[in-house]
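Residue-level structure breakdown
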Amino acid sequence: MSVRNLPTDDQILDLLALRAAEGLDRDDEVHAVSLDDPGVFDAAAAVLAIGMTARDGIEPMPPMLRQRLEALAEDFATPVPAPAPIVSTASSRTLHRPEPARVPWMASAGWLAAAACLILAVVVWNPPRTPEPGIDARLAALEMKPGVVKTDWLSLDAAGLSESPHAYDKNLKGQIVWDPQTNEGYMVFEGLASNDPSALQYQLWIFDADRPTGQLPQYGEGILSQRPVDGGVFDIPTDGRVVVPITPKLSVGKAAVFAVTVEPPGGVVVSDRDIVAVAMVN
Amino acid sequence: MSNTVSTPEDLLPAVARGDASAVKACLDRYGALIWSLARRTCRSGADAEDAVQEIFVSIWKNAARFDPERGSEVTFVATIARRRLIDRMRQAGRRPNEAPIEAGGGMAISDDQVAAPTELREEVQIASRALAELSEDQRRVLQMSIGHGLSHEKIAEATGIPLGTVKTHIRRGLIRVRSLLEEQRERTGRGVEA
């Protein structure tokens, strides 16, 4: 969207300007993200903020903070490989995987030749294997395993967390299927609002009965007062049936509650718990 | 393998590829800016430190979304930083309005006054040009809103300017900056969206 074709409605422009300047309440945000380009003024606000900050003086960050960030940077640059997000819909049964990072052609040419030789060698020594089963097949196989937990998603009102369902709950149905032994699991959703990944993403949190509680006393004294395990950030590309693999960032001993929250793109380390749905394990 | 990162537009693609040196170079290039942005709106140093950590994780995670044809890298980075800061302030249940406003809050930005790092020069010039075209009231309102995160209502209260006029000042200021970014895109082939 260019300046020349900005919305002509001043109320819309004011809403988008407010969003860029100070953010919006949830209902207005839902309205804004339904527009063509909710971030139409974000870059302009950022440029103004840069100019004003530069005028007042750019300060170096404290050395201790820098050290902590360098440690975070090392962790980030050598991540534990996570399963690629895979989405399966009932209608298409199509698997969608994110495109791999692009590698400059010159840098990749030599590797391509080497990879071709390697593939040839592998094929000579090993006959082609059966393709990896799709996500629905893996979900079905997991459901058959003894000891696997299967529990339904609850809306906020059904869980007693609110008087009404979340705005993104479009008559949500579905289950969590979770293997406590292997920490493998899948979330099945139907009726969870599709999201624009550039505006918001969903994030799963796992409350573990084997982990300590009380770190977040604002959430009471029970298990909800613990720092839950990050179960992974995910997108819902369609309001139809979607299956999402669970990717816990830490080992989970005894999962007691699963909660899905709405978060900024990329997810968060500590959530403010804008919960859309919960699933409880008996 | 580590790639050499030499120009602003090289950095985030390298971060997206998981290049360890680029992830750290991000701290070198933008650490001071992010810290300074956080200090302007966070209640305390500890809060600002938490915010900076969250912002960098978000920048690294979203690095693959950067498209140099749609805007500069520093604008992309500052946009993510502002979004995280706004989210944090709203999550904390307060409007971003606690920071004291210095007497010069409505001053224009003069290029002579600003010893901006090289990678910020272009953005500082655009902000400077846009603010120079505005009235004193308009500059003051934008400074209070974008510079210090005051809510529209607080600005109206503090200045005595009607709320509708505050909104208009902010909207027009943002439209003007966007227009200048558009002109920049036409000059450089780069867009206006972070």
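Here, the structure is the one placed above.
Since the structure is predicted, the reported quantities are computational estimates derived from the model, not experimental observations.

Our next topic: the interface of chain B and chain A. Counting residues at the interface gives 78 residues for chain B and 58 residues for chain A. Of the roughly 6100 Å² buried between chain B and chain A, counting both surfaces, carbon and sulfur atoms make up 63%. The interface formed by chain B and chain A includes seven salt bridges. Taking the shortest distance from any N to any O, the salt bridge between Asp56(A) and Arg40(B) comes out at 2.7 Å. If you look at where chain B meets chain A, you find 15 residue pairs in polar contact (both at pLDDT 80 or more). When contributions to the side of chain B that touches chain A are tallied by element, the ones reaching two or more residues are helix H2 (20-41), helix H3 (45-61), helix H4 (73-91), helix H5 (121-132), helix H6 (136-147) and helix H8 (163-188) of chain B. Ranked by the residues each element gives to the side of chain B that touches chain A, the list is headed by H2(B), at 13 residues. Looking at the side of chain B that touches chain A residue by residue, the classes come out as 37 nonpolar, 17 polar and 24 charged.

Let us look at the sheet that holds strand S4 (residues 184-192) of chain A. In a beta sheet, neighbouring strands are held together by backbone hydrogen bonds and run either parallel or antiparallel to one another. Residue and element names in this part refer to chain A. One open sheet holds the four strands; their spatial order is S1-S3-S4-S7, and the pairing between them is antiparallel. Since the sheet does not close on itself, it has two edges, and those belong to strand S1 (149-152) and strand S7 (242-245), each with one partner. Across the sheet, the mean angle separating the axes of adjacent strands is 15 degrees when strand polarity is ignored. Of the pairings in the sheet, the one linking strand S3 (residues 169-179) to S4 comprises eight bridges and is antiparallel in character. Each bridged residue has a counterpart across the sheet, and for Ile 176 the counterpart in S4 is Met 187. Sitting on the sheet, helix H6 (residues 135-144) is in contact with S1, S3, S4 and S7, with an inclination near 115 degrees to S4.

Taken as a whole, the second largest pocket holds about 1100 Å³ of empty space. Lining the second largest pocket are 42 residues, and of these Arg19(A), Glu29(A), Ala199(A), Pro265(A) and Arg83(B) lie nearest its centre. Broken down by secondary-structure element, the contributors of at least two residues to the lining of the second largest pocket are helix H2 (26-33), helix H3 (42-56) and strand S8 (255-263) of chain A together with H4 of chain B. The class makeup of the residues in the lining of the second largest pocket is 14 nonpolar, nine polar and 19 charged.

What follows covers the packing of helix H7 (residues 152-159) of chain B against H8(B). Residues and elements named next belong to chain B. Contact pair H7 / H8: the axes reach a minimum separation of 9 Å and the direction vectors enclose 115 degrees. For the crossing formed where H7 meets H8, the hand is right-handed. Across from His 152, Glu 153, Ile 155 and Ala 156 in H7, the residues of H8 making contact are Leu 163, Val 166, Lys 167 and Ile 170. Residues of the contact of H7 with H8, tallied by class, amount to five nonpolar, one polar and two charged.

Inspection of every chain in the model, using the stated rule, returns 23 salt bridges over all chains. We note a salt bridge from Asp28(B) to Arg66(A), for which the minimum N-O separation is 2.7 Å. A residue pair is termed interchain when its members come from two chains, as with Asp28(B) in helix H2 and Arg66(A) in helix H4 (residues 63-77). Close ionic contact of Glu143(A) with Lys150(A) constitutes a salt bridge, the shortest N to O distance being 2.6 Å. Here the residues in one salt-bridge network are Arg129(B), Glu133(B), Arg176(B) and Glu183(B), joined through shared partners.

Conventions adopted
Residues numbered from 1 in each chain as written. Chains lettered and ligands numbered in written order. Predicted model: local features only at pLDDT ≥ 70, side-chain atom pairs only at ≥ 80, totals over all residues. Heavy atoms only, no water. Contact = heavy atoms within 4.5 Å. Buried area = accessible area lost by both parts, 1.4 Å probe. Salt bridge = Lys/Arg side-chain N within 4 Å of Asp/Glu carboxyl O. Polar contact = N/O pair within 3.5 Å; in protein donor to acceptor, adjacent residues only side chain to side chain. Helix = DSSP H or I, 4+ residues; strand = E, 2+ residues; numbered from the N terminus. Nonpolar A, V, L, I, M, F, W, Y, C, P; charged D, E, K, R; others polar. Pairing = 2+ DSSP bridges. Axes fitted to C-alpha atoms, helices over the stretch in contact; angles between N-to-C directions. 1 Å grid on protein atoms, 1.4 Å probe; cavity = no way out; pocket = protein on both sides within 12 Å on 5 of 7 lines; lining within 4 Å. Points joined across faces, edges and corners; volume = space filled by probe spheres on them. Left-handed = near helix turned anticlockwise from the far one by under 90°.

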